[in-house]
Amino acid sequence: MTEKEVSISLHEESVNGHSSSDRVTHDSKFEKRVLRKIDIRLVPILGALYTIALVDRSNISVARISGLDEDVGLAEGDRASVALLVFFIGYMLFELPSNMLIQRVGAANWLALIAFAWGLVSMGVGFLNDWVALAVLRSFLGVFEAGFYPGCVYLISSWYRRYEVQKRLAVFFMTGSALSAFANIFALGLIQISKTNTTYKGWRWIYIIEGVITCVAAVVAWFIIVDFPSSNRNTFLSAEERAFVMARLADDRGTEDQEKVTWAVFVDTITDWKVWSFALMYSAGAVGVYAFLFFLPLILHNGMGYSQELSFVLSAPPALFSVVEGFFVSWLADKMHLRGPFVVLQGVVAIIGLCMTGFLKQPVPRYVGTFLGEAGVNGLVVTTLAWQANNLRGDAKRACATAVLITISGIGGIYSSLVFRQQDAPDYVPGIIAVMAVCIAAVVAACISIVVLKWENKRADEGKKIIDGLADFRYTI
């Protein structure tokens, strides 16, 4: 059988700044080799750092059942909610400025720098003695982590064609979800240090050791993380391979010069209805993700009656299941060139799982519900990210929209911190209902978006509209 040829015309400016009208033809082996090189250099290191980011922001849940509440007085009144929500204030405020800086500073420089900074903050938590200091340090943690996730999504989206990106985003996001699930088991091991070294209690060792790991990983990451496709820093690709990458991206999206995020771009982004629809869907997933991160160990231990050790261990399998389910859905969505129907599917799965966890009485079926709930909310996040990236043209607008989307999701973090109130412990049923409500809203928004985008594509097919300045561009449904 003859091998499929991949032909791309380089009529646009190449990465070296020279124009060319030559036609460059590469076979599929060349294309696969280039994509494999990009995948290896880009996705694993970002997934590893995202795992660390999730661990550093969520290890408060395991610290709370390991003595933190008693040592700093966190269980009194609304202190726990305050300590959780202050993280999201800085997280929301600094996401967009960070995505405006990442192009100028460079992806490796910026992502490694902020990772090192939040590692230092995480170490600092291990030495504090009152809840106010905890709240202050968590607010700084939010500031430094703010730029990491949207920067990674923007960087990954800039390297791949529209129907290649969801699988990569799924690997990035689900790697974090899967490995961070084992963080609770790792934390259980760190707690044992206090039995041989009584200088610090177990929860303090969680923060100190994990903070050190973050700082070391940040230094290593600086040498590995690649920059945006047009950057001369990307020496891991040859000139021919870089030109090929730029050409195939232009073939997929139309020519896009690397643009700066200006106020005009910002205004254009925030007045686009699609951005806000995607933000609602993404926020629903984020609300659920944070709810499971912050409260699943507490529900398992205090609500379902499992021991401390078993609660640490049982928090891992639902996250692992969400990874398997998320990879399958992402592969199917890319294969079918669809996004919206899978957003609806994931939202329904999340709602069913949350109903089981919140309203059933026996521990086993409630625990089974956490598998569906966690899979659904994680799937909402990944599929919505890909749906937005597919439907926005322009490098600067994608950067801005990604930051806006993830900034709005910070409201989801505050929302989950407030609706899971201490007085509703140990089952937190009102909080679970609140998460279900926003998932229902996401399903409705997805259905409306599908109808409107189909209508816009029909108008373009009839010649009544040109979408985003490119006659051949059509929205992904």
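Participant: Describe the overall build of the protein chain, and please don't skip the residues or the numbers.
Facilitator: Within the protein chain, the secondary structure is distributed over 20 helices and two strands. Against the globule reference of 23 Å for 477 residues, the protein chain gives a C-alpha radius of gyration of 23 Å, in line with a compact fold. Principal axes of the C-alpha set define a box for the protein chain whose edges measure 70 × 50 × 45 Å. Across the 477 residues that make up the protein chain, the buried fraction comes to 59%. Sequence separation of 24 or more characterises 79% of the internal contacts of the protein chain that already satisfy a separation of 6 or more. On the protein chain, roughly 18,600 Å² of surface is accessible, and the fraction owed to carbon and sulfur atoms is 65%. Averaging the positions of the 40 positive and the 41 negative side-chain charges in the protein chain gives two centres separated by 3 Å.

Participant: An account of the side chain of Asp-227 is needed here, citing residue identities and associated values.
Facilitator: With respect to the helices and strands, the residue Asp-227 is situated in the loop between helix H11 (202-224) and helix H12 (239-253). It is Arg-233 that comes nearest to the buried, bridge-free Asp-227 among opposite-charge side chains, at 4.9 Å. Only 3.4 Å separates the side chain of Asp-227 from the backbone nitrogen of Ala-107, close enough to count as a polar contact. What Asp-227 contacts, discounting residues up to four positions off in sequence, is Gly-106, Ala-107, Leu-155, Trp-159, Arg-233 and Asn-234.

Participant: Please provide a residue-by-residue account of the environment of Tyr-163, values included.
Facilitator: Relative to the assigned elements, Tyr-163 resides in the loop between helix H7 (148-157) and helix H8 (165-181). For Tyr-163, a relative accessible area of 21% gives the class partly exposed. Expressed as a C-alpha distance, the spacing of Tyr-163 and Val-86, which sit 77 residues apart in the sequence, is 37 Å. Excluding residues that lie within four positions of it along the chain, Tyr-163 makes contacts with Asp-334, His-337, Arg-339, Asn-390 and Thr-476. Only 2.8 Å separates the side chain of Tyr-163 from the side chain of Thr-476, close enough to count as a polar contact.

Participant: Summarise the side chain of Ser-322; cite the residues concerned and give the values.
Facilitator: Turning to its location among the elements, Ser-322 is positioned in helix H16 (residues 316-336). A relative accessible area of 0% means that Ser-322 is categorised as buried. A distance of 2.6 Å separates a polar side-chain atom of Ser-322 from the backbone oxygen of Ala-319. In contact with Ser-322, not counting residues within four places along its chain, are Met-174, Glu-374, Ala-375 and Asn-378.

Participant: Account for the packing of aromatic side chains, naming residues and giving values.
Facilitator: One pass over the full model with this rule turns up 25 aromatic pairs. Both rings, one in Phe-88 and one in Tyr-91, keep their centres 6.3 Å apart while their planes meet at 85°; by these two values the pair is edge-to-face. Of this pair, Phe-88 and Tyr-91 both sit in helix H3 (residues 79-93), three residues apart, which is roughly one turn of the helix. With relative accessibility at 0%, the residue Phe-88 sits in the buried group. For Tyr-91, a relative accessible area of 1% puts it in the buried group.

Participant: So what's going on with the packing of helix H1 (residues 28-58) against helix H5 (residues 107-125)? Residues and values would help.
Facilitator: Axis separation between H1 and H5 bottoms out at 11 Å; the angle between their running directions is 30°. Taken as axis vectors, H1 and H5 run roughly parallel relative to one another. The interaxial crossing formed by H1 with H5 has left-handed handedness. Residues Leu-46, Leu-49, Ile-52, Ala-53 and Asp-56 of H1 lie in contact with H5, whose contacting residues are Leu-111, Ala-115, Trp-118 and Ser-122.

Participant: Can you lay out the confidence of the model for the protein chain for me, pointing to particular residues and giving the numbers?
Facilitator: On average, residues of the protein chain score 86 in pLDDT, and 92% of them reach the 70 mark or higher. Every residue in residues 1-24 scores below 50 in pLDDT, and together they form 45 contacts with partners more than four places removed in sequence or on other chains.

Participant: Explain the nonpolar core to me, and be specific about the residues and the numbers.
Facilitator: Counting residues in hydrophobic clusters, the biggest one holds 131 residues, and the most contacted among them are Leu-42, Leu-46, Tyr-149, Trp-159 and Phe-172. The biggest single contributor to this core is helix H14 (residues 273-303), with 17 residues. With near-sequence residues (within four places) excluded, Phe-172 lies in contact with Val-43, Leu-46, Gly-47, Tyr-50, Tyr-149, Cys-152, Val-153 and Ile-156. One finds Val-265, Phe-266, Cys-400 and Ala-403 within the second-largest nonpolar core, a separate group that totals six residues.

Participant: Help me get a handle on a nonpolar patch on the surface, residues and values and all.
Facilitator: A cluster of nonpolar side chains, Leu-179, Phe-182, Ile-185, Leu-310, Val-313 and Leu-320, forms an exposed patch at the surface whose accessible area comes to about 450 Å². When you line up the elements, Leu-179 lands in helix H8. Its relative accessible area of 45% is what places Leu-179 among the partly exposed residues.

Participant: Tell me about unusual backbone geometry, residues and numbers included.
Facilitator: A cis geometry characterises the amide bond from Ala-425 onward to Pro-426, with omega recorded as 10°. Mapped onto the elements of the fold, Pro-426 is located in the loop between helix H19 (395-419) and helix H20 (429-461). Backbone geometry places Tyr-428, a non-glycine residue, at a positive phi of 55°. Among the secondary structure elements, Tyr-428 is positioned in the loop between H19 and H20.

Basis of the calculations
- Residues numbered from 1 in each chain as written.
- Predicted model: local features only at pLDDT ≥ 70, side-chain atom pairs only at ≥ 80, totals over all residues.
- Heavy atoms only, no water.
- Helix = DSSP H or I, 4+ residues; strand = E, 2+ residues; numbered from the N terminus.
- Rg over C-alpha atoms; globule rule 2.2 N^0.38 Å.
- Buried < 20%, exposed > 50% of the residue type's maximum accessible area, 1.4 Å probe, protein only.
- Contact = heavy atoms within 4.5 Å.
- Areas by Shrake-Rupley, 256 points an atom, 1.4 Å probe, with all protein chains shown as cover.
- Lys, Arg positive; Asp, Glu negative; His and termini not counted.
- Charge placed at Lys NZ, Arg CZ, Asp CG, Glu CD.
- Salt bridge = Lys/Arg side-chain N within 4 Å of Asp/Glu carboxyl O.
- Polar contact = N/O pair within 3.5 Å; in protein donor to acceptor, adjacent residues only side chain to side chain.
- Phe/Tyr/Trp six-rings, centres within 6.5 Å; stacked < 30°, edge-to-face > 60°.
- Axes fitted to C-alpha atoms, helices over the stretch in contact; angles between N-to-C directions.
- Parallel < 35°, antiparallel > 145°, perpendicular 65-115°, else oblique.
- Left-handed = near helix turned anticlockwise from the far one by under 90°.
- pLDDT = per-residue confidence, 0-100.
- Core = buried A, V, L, I, M, F, W, Y, C linked by side-chain atoms within 4.5 Å.
- Patch = residues over 30% accessible without salt bridge, like charges linked within 9 Å, V, L, I, M, F, W, Y side chains within 5 Å.

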